[in-house]
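Observations on the three-dimensional arrangement
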Amino acid sequence: MDYNQFFEQRLNQLKDNGSYRHFLEVNKSAAHFPHFHYRNHEAVQRSAINWCSNDYLCMSVHEDVIAKLTAITHRSGSGSSGTRNISGTTTHHKELEQTLANWHKKDAALLFNGAYQANATALQTLGKHMENLVFISDEYNHASIIEGMKAAGNEKKIYKHNNMQHLEGILQALPIDQPKIIVFESVYSMAGTIAQAKEILCLAKQYNALTYIDEVHAVGMYGPTGAGILEREGLQHEVDIVNGTLSKAIGVFGGYIAASKNLIDFIRSFGSGFIFTTSLPPAICAAANKSIHIIQRNSDLRKQFHDNVLLLRRVLDENGVLYTPNQSHITCIHIGEAIRCKQLADDLLKLQAVYLQPINFPTVPKGEECLRIIVTAKHQPKHIHHLAYSLKKLLYGKNVDNNQDIEAIGFTDEDREFSMPEAF
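1. Considering the overall build of the protein
The secondary structure content of the protein amounts to 16 helices and 14 strands. Radius of gyration (C-alpha) of the protein: 23 Å, near the 22 Å computed for a compact globule of 424 residues. Across its three principal directions, the C-alpha atoms of the protein cover 70 × 55 × 50 Å. Counting only residues that meet the buried cut, the protein has 51% of its 424 residues in that class. Considering only contacts within the protein whose residues lie at least 6 apart along the sequence, 71% involve residues at least 24 apart. For the protein, the exposed surface amounts to about 20000 Å²; the carbon and sulfur share of it is 49%. Distance between charge centroids for the protein: 3 Å, based on 41 positive and 44 negative side chains.

Below you can see the structure in the form of structure tokens.
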């Protein structure tokens, strides 16, 4: 077999159908977010506005979070240098886990190097050690959830997205005493839909099932203290296992699960994806802990974020830009064809200084390619108006005067020609 030819052929297939992924090297500035610099194909430095960052509350550029990260790095070093069992557990790890447990109203929490790893390890471990466990999974669940269930090798039942009748039908067909776990997300990152958590938890009680919820795209942004959709709905005590991330609204790095003391100890003791992985750096834990405390005390951060989501959608409506409506903060513009989606994203960056990455297969099914807009707490009204103008122009071929319209919406030459200080 010609291995190199095999790899090249498969890569060429991705390129031909528009699914090949190109990385843009973003020169991020904490002082100027969401502005950033990049170099185009001609190695010319350009500026743009970032519309695809999951830094929802902009905590990654918050001065107090950065200060905490810097201080603990100087004190404890840049890495943990070991697994949790071999010198990789510090006071900062334990403090963060306690904060997370308290936030989600659970006995305990367990840190991972990412929410993907947390999902994959927790679900795989439960399945492998409960031989007759049946996974009951929403059809829109994230790849990490699918990977964890697949690795476990247990029976898996898929219910139609947010369809409670289909879910109950699956539960009714299983013996009441058979181990089972319902796995779902609170906010689905592509569809933008919100789970019917109350109904799912009621069914779980009725049919004796464990429940596992992925709150990755809700943590920090919903509920009185930002703990997520379950907090907003008053359901934190009802779910068995919560998965979350430190890498989106919290703005640092890592993932976690929160659950009962025994369940967390079980995953800690049997989960190979946890046991054999070097732990998060102490400074990362300290910075995440600081970020969470700021989020918990500052509801204005969430208000600013959600106000921007509403403004974005109002301005898109005013400009006739169609998007998929939902009750979350995820705003997707359906394109439906991979090559066109990639070309639109390229044109938005090159012509309009708008950075939106195309979302294509396997992140979404073929035919559902889209542009996913992520507004943050730091996007200004002029940025939002310019985005809507740019989408109107490139999506629908509107014949507009570029300079006149940009001036009219307040997006100035200074914004387009943004430059970072020499010291940066």
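Here the narrative resumes.
2. A word on the nonpolar core
Among the nonpolar cores identified, the biggest contains 67 residues, and Leu246, Leu371 and Leu391 are the most heavily contacted of them. Once you skip the residues sitting within four places of it in the chain, Leu391 turns out to touch Leu316, Val321, Ile333, Leu348, Leu356, Leu371, Ile373 and Tyr396. Val134, Ile170, Tyr188 and Ile213 belong to the second largest nonpolar core, which has 24 residues in total.

3. Topic: the packing of aromatic side chains
Counting across every chain of the model gives six aromatic pairs. Between Tyr56 and Phe305, the aromatic rings sit 5.5 Å apart at their centres with planes inclined by 70°, giving edge-to-face as the arrangement. Placement of Tyr56 in the loop between strand 3 (45–50) and helix 2 (63–76) and of Phe305 in helix 12 (residues 299–318) is noted, with a sequence separation of 249 residues between them. Tyr56 gets classed as buried once you look at its relative accessible area, which sits at 0%. On the numbers, 4.9 Å between centres and 40° between planes, the contact of Phe266 with Phe270 is tilted. Residue Phe266 and its partner Phe270 are both found in helix 9 (residues 261–270); the two are separated by four residues, about one turn of the helix. Under the relative-accessibility criterion, Phe266 is labelled partly exposed at 24%. In this structure an aromatic cluster arises from ring pairing among Phe36, Tyr38 and Tyr355. Cation over ring: Lys15 sits above Tyr20, and NZ or CZ is 4.9 Å from the ring centre. The ring of Phe361 has Lys366 sitting right over it, with the charged end atom 5.0 Å from the ring centre.

4. Comments concerning the environment of Ala108
Position of Ala108 relative to the elements: it lies in strand 4 (residues 108–112). Placed 53 residues apart in sequence, Ala108 and His161 show a C-alpha to C-alpha distance of 30 Å.

5. Looking at helix 5 (residues 143–152)
Here helix 5 has its buried residues at Ser144, Ile145, Gly148, Met149 and Ala152. Buried residues in helix 5, looked at end-on, bunch into an arc of 130°, giving them a common side. Among the structural elements, helix 4 (115–129), strand 5 (134–138), strand 6 (156–159), strand 7 (180–185) and strand 8 (210–214) are those in contact with the buried residues of helix 5. The positive-phi residue at the C-terminal boundary of helix 5 is Gly153, with phi of around 85°.

6. Looking at helix 14 (residues 381–396)
The first and last C-alpha atoms of helix 14 sit 22 Å apart over 16 residues, in line with the 22 Å expected at 1.5 Å per residue. All of the buried residues along helix 14 are His383, Ile384, His386, Leu387, Ala388, Tyr389, Ser390, Leu391, Lys392 and Leu395. Two residues or fewer past helix 14, Gly397 is found with a positive phi of approximately 65°.

7. Considering the environment of Lys378
Looking at where Lys378 falls in the secondary structure, it is placed in the loop between strand 14 (370–373) and helix 14. Assessed through its relative accessible area of 40%, Lys378 is described here as partly exposed. Setting aside its immediate chain neighbours within four residues, Lys378 contacts Phe33, Pro34, Cys58, Val61 and His383.

8. So, the sheet that holds strand 13 (residues 358–359)
An order of 11-14-13 is seen for the three strands of this open sheet, with the pairing classed as antiparallel. A strand with exactly one partner marks an edge of an open sheet, and here the two such strands are strand 11 (331–334) and strand 13. Judged from the four bridges that link them, strand 11 and strand 14 form a sheet pairing that is antiparallel. Among the inter-strand pairings, Thr331 is bridged to a residue of strand 14, identified as Ile373.

9. A few points about the pattern of salt bridges
Enumeration over the complete set of coordinates arrives at ten salt bridges. When the shortest N-O distance is used, the salt bridge between Lys157 and Glu155 registers 3.1 Å. Of the charged contacts in the structure, one is a salt bridge between Arg314 and Glu318, with a shortest N-O distance of 2.7 Å. Taken together, the residues Arg314 and Glu318, both in helix 12 and four residues apart, mark about one turn of the helix.

10. Concerning a nonpolar patch on the surface
Together, Met1, Tyr3, Phe6 and Phe7 give the surface a local cluster of nonpolar side chains, amounting to about 500 Å² of exposed area. Mapping Phe6 onto the fold places it in helix 1 (residues 3–16). Phe6 sits in the partly exposed class, given a relative accessible area of 32%.

11. A short note on the packing of helix 13 (residues 338–352) against helix 14
With their axes 11 Å apart at the nearest point, helix 13 and helix 14 run at an angle of 130° to one another. Relative to helix 14, helix 13 is oriented oblique. At the point where helix 13 passes helix 14, the crossing takes the right-handed sense. Within the contact between the two elements, helix 13 uses Arg340, Leu344, Asp347, Leu348, Leu351 and Gln352 and helix 14 uses His386, Tyr389, Ser390, Leu391, Lys393, Leu394 and Leu395. When grouped by side-chain class, the residues that make up the contact of helix 13 with helix 14 number seven nonpolar, three polar and three charged.

Calculation notes
Residues numbered from 1 in each chain as written. Predicted model: local features only at pLDDT ≥ 70, side-chain atom pairs only at ≥ 80, totals over all residues. Heavy atoms only, no water. Helix = DSSP H or I, 4+ residues; strand = E, 2+ residues; numbered from the N terminus. Rg over C-alpha atoms; globule rule 2.2 N^0.38 Å. Buried < 20%, exposed > 50% of the residue type's maximum accessible area, 1.4 Å probe, protein only. Contact = heavy atoms within 4.5 Å. Areas by Shrake-Rupley, 256 points an atom, 1.4 Å probe, with all protein chains shown as cover. Lys, Arg positive; Asp, Glu negative; His and termini not counted. Charge placed at Lys NZ, Arg CZ, Asp CG, Glu CD. Core = buried A, V, L, I, M, F, W, Y, C linked by side-chain atoms within 4.5 Å. Phe/Tyr/Trp six-rings, centres within 6.5 Å; stacked < 30°, edge-to-face > 60°. Lys NZ or Arg CZ within 6 Å of the ring centre and 35° of its normal. Arc of directions from axis to C-beta. Expected span 1.5 Å × (residues − 1). Pairing = 2+ DSSP bridges. Salt bridge = Lys/Arg side-chain N within 4 Å of Asp/Glu carboxyl O. Patch = residues over 30% accessible without salt bridge, like charges linked within 9 Å, V, L, I, M, F, W, Y side chains within 5 Å. Axes fitted to C-alpha atoms, helices over the stretch in contact; angles between N-to-C directions. Parallel < 35°, antiparallel > 145°, perpendicular 65-115°, else oblique. Left-handed = near helix turned anticlockwise from the far one by under 90°. Nonpolar A, V, L, I, M, F, W, Y, C, P; charged D, E, K, R; others polar.

That's the geometry; what it means functionally is another story.
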